[in-house]
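So you can see what is in the structure, the chains are spelled out below.
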Amino acid sequence: MEGESIYSIAKKYKVSESDIYELNPKSKGALLQLKTVLLIPNKKSKSKSKDKREVNSSKNLSSETHIVESGESLYKIAKKYDISLEKLKELNPDIKPEAIQIGDKIVISAKKESPKEKKPKETKIVVAEVLNPTNMDANLCTDELGNKVHTVTKGETLYKLSKKYKVSVKDLEEMNPEIVANLPIGYEVIVKKGNVELEKNQNIVVEASKEIEELSPENMSKAEFLIAKASQYIGTRYRGGGTTSAGFDCSGLMFSTFKNIDMTLPRSSSSMAVGAGFKIDRSQAQKGDLIFFTTNGRGSINHVGMITEINGDEIKFIHSSVQAGVIISSTEEPYYKRRFVQINRVLEN
């Protein structure tokens, strides 16, 4: 029409001038003549097309899975993917934490498949879905006993943890009997006890007689059986408060091992020293006896293992160490030679 310009046409059809120039490149910089034909972009059609693409993309959902490898647990997988243990259990209702096996498929989260043509906007949406807003502290998790467990980072001390979680240092030490003075990075500290109660100690303390008899053949076979059971976990990582294949502390390994012969030991090394069996002289040590150490610098018992072999003055024992997990060590190693305290006989004739 007479008097029309690209600007007035753009205003009339509620589009931008650049949209018109994109469809009509020859009109840019040229003087419009009467009866010139111009292509006008259809915004409604664009909107419908965009909506359709969004609907289609929302249908492309799939579950992301993880294949269990040697030494992995639900707790370890949860930490690897930065999700809570509760969320992982919710995604895998048929999986029992204590019974996962190598090769099991664990559902990690539902996420959108990557589109053929990636767009910045779509990428942001995927990232937002992966994040877990409920996990406010990446170093705090809940184990299978309901305990709140904090993983130590550089520079953290018991005092700092007591301030952070509003619990006394004394309570932290009581919840973590095997805790060491200088917390190493990666050490796991229980900061709040769960509501899953362990069975109470049913053992009776026996007074030591002057002459200790050697274990009977029947109990010797029990000792070999217990050693074999404990040895199945060699290589399993250390975990404060742990009593399963997901991780053991030293007393947790003994607690779990002796349950195989229906014997319930106290739940801490210090309690075992006074409440499990009776103290014997080092020269009377046998396989299956409990051996105790002090490693906390305070002189009190805070570490326990089970004797597996005796060669003269050397005693070998299986235990869960903070640094190496479940291993077999020797009293001839300088570290344990200096820290040996006592031996208890728990398998009676």
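Our subject is the structure that appears above.
Values in this document were obtained by computation on a predicted structure and should not be read as measured data.

## Notes on the overall build of the chain
When helices and strands are counted, the chain shows twelve helices and 13 strands. Here the chain holds 349 residues, and 39% of them are scored as buried. Long-range pairs, those at least 24 residues apart, make up 58% of the contacts in the chain with a sequence separation of at least 6. Accessible surface, the chain: about 21,100 Å² in total, of which carbon and sulfur atoms supply 52%.

## A look at the environment of Arg339
Along the polypeptide, Arg339 turns up in helix α12 (residues 334–339). Its relative accessible area of 22% is what places Arg339 among the partly exposed residues. In the structure, Arg339 is positioned 38 residues away from Ile301 in sequence and 9.3 Å away in space, judged by C-alpha atoms. In contact with Arg339, other than residues within four places in its own chain, are Phe292, Phe293, Thr294 and Thr295.

## Regarding the sheet that holds strand β10 (residues 303–311)
The strand order across the open sheet formed by six strands is β8-β13-β9-β10-β11-β12, and the pairing between neighbours is antiparallel. Taken across any chain shown, the strands that pair with only one partner, and hence form the sheet edges, are β8 (278–280) and β12 (325–330). Between one strand axis and the next, the sheet turns by 40° as a mean value, whatever way the strands run. Relative to β12, strand β11 (residues 314–321) runs antiparallel, the two being bridged by six bridges. Within the sheet, the bridge partner assigned to Ser320 lies in β12 and is Val326. Strand contacts of helix α10 (residues 250–258): β9 (290–293), β10, β11 and β12, with the helix running at about 65° to β10, the strand carrying the most contacts.

## Remarks on the packing of aromatic side chains
Taken as a whole and assessed by the stated rule, the structure comprises six aromatic pairs. Both rings, one in Phe317 and one in Tyr336, keep their centres 5.3 Å apart while their planes meet at 85°; by these two values the pair is edge-to-face. Here Tyr336 lies in helix α12 and Phe317 lies in strand β11, a separation of 19 residues in the sequence. Across the pair, exposure class does not vary: Phe317 and Tyr336 are buried alike. Ring geometry for Tyr335 and Tyr336: centres 5.0 Å apart, planes at 85°, overall edge-to-face. Put simply, the rings of Phe293, Phe317, Tyr335, Tyr336 and Phe340 touch in pairs and so form one group of aromatic residues. Taking the ring centre of Phe340 as reference, the NZ or CZ of Arg282 above it sits at 5.0 Å. Against the face of Tyr335 rests Arg339, its NZ or CZ located 3.9 Å from the ring centre.

## So, the pairing of β10
Where β9 meets β10, four bridges bridge the pair, whose relative direction is antiparallel. Within the sheet, the bridge partner assigned to Phe292 lies in β10 and is Val304. Between β10 and β11, which pair antiparallel one after the other, the connecting turn spans two residues, and Gly312 there sits at a positive phi close to 65°.

## Here's the deal with the sheet that holds strand β5 (residues 188–192)
Sheet architecture is open: three strands sit in the order β3-β4-β5, paired in antiparallel fashion. The open sheet has two free edges, formed respectively by β3 (140–142) and β5, since each of these has just one partner strand. Pairs of neighbouring strands in the sheet enclose a mean axial angle of 35°, with direction left out of account. Bridge count for strand β4 (residues 148–151) against β5 is four bridges, and the pairing is antiparallel. When the bridges of β5 are listed, His150 appears paired with Val189. Across the sheet, helix α7 (residues 158–165) lies against β3, β4 and β5, angled at about 135° from β4, the strand it touches most.

## A closer look at unusual backbone geometry
The backbone phi angle of Asp82 is positive, close to 60°, even though this residue is not glycine. On the secondary structure map, Asp82 appears in the loop between α4 (74–80) and α5 (85–91). We note that Lys166 has phi near 55°; this positive angle belongs to a residue other than glycine. With respect to the element layout, Lys166 can be found in the loop between α7 and α8 (169–175).

## Structural notes on the environment of Ile261
Here Ile261 shows up in the loop between α10 and α11 (269–275). For the pair formed by Ile261 and Leu226, sequence separation is 35 residues and the distance between their alpha carbons is 8.1 Å. Beyond its immediate sequence surroundings of up to four residues, Ile261 is in contact with Phe225, Leu226 and Leu347.

## Let's talk about α10
The element α10 is largely enclosed, with a buried count of nine among its nine residues. Within α10 the residues assigned to the buried category are Cys250, Ser251, Gly252, Leu253, Met254, Phe255, Ser256, Thr257 and Phe258.

## Focus: the nonpolar core
Grouped together as the largest cluster of nonpolar side chains are 24 residues, with contacts concentrated most on Met254, Phe258, Leu265, Met272, Leu290, Met306 and Leu347. When contributions to this core are tallied by element, the ones reaching two or more residues are α9 (217–231), α10, α11, β9 and β10. In contact with Leu290, other than residues within four places in its own chain, are Met254, Phe258, Leu265, Met272, Ala276, Val304, Gly305, Met306, Gln342, Ile343, Asn344 and Val346.

Reading the values: rules and limits
- Residues numbered from 1 in each chain as written.
- Predicted model: local features only at pLDDT ≥ 70, side-chain atom pairs only at ≥ 80, totals over all residues.
- Heavy atoms only, no water.
- Helix = DSSP H or I, 4+ residues; strand = E, 2+ residues; numbered from the N terminus.
- Buried < 20%, exposed > 50% of the residue type's maximum accessible area, 1.4 Å probe, protein only.
- Contact = heavy atoms within 4.5 Å.
- Areas by Shrake-Rupley, 256 points an atom, 1.4 Å probe, with all protein chains shown as cover.
- Pairing = 2+ DSSP bridges.
- Axes fitted to C-alpha atoms, helices over the stretch in contact; angles between N-to-C directions.
- Phe/Tyr/Trp six-rings, centres within 6.5 Å; stacked < 30°, edge-to-face > 60°.
- Lys NZ or Arg CZ within 6 Å of the ring centre and 35° of its normal.
- Core = buried A, V, L, I, M, F, W, Y, C linked by side-chain atoms within 4.5 Å.

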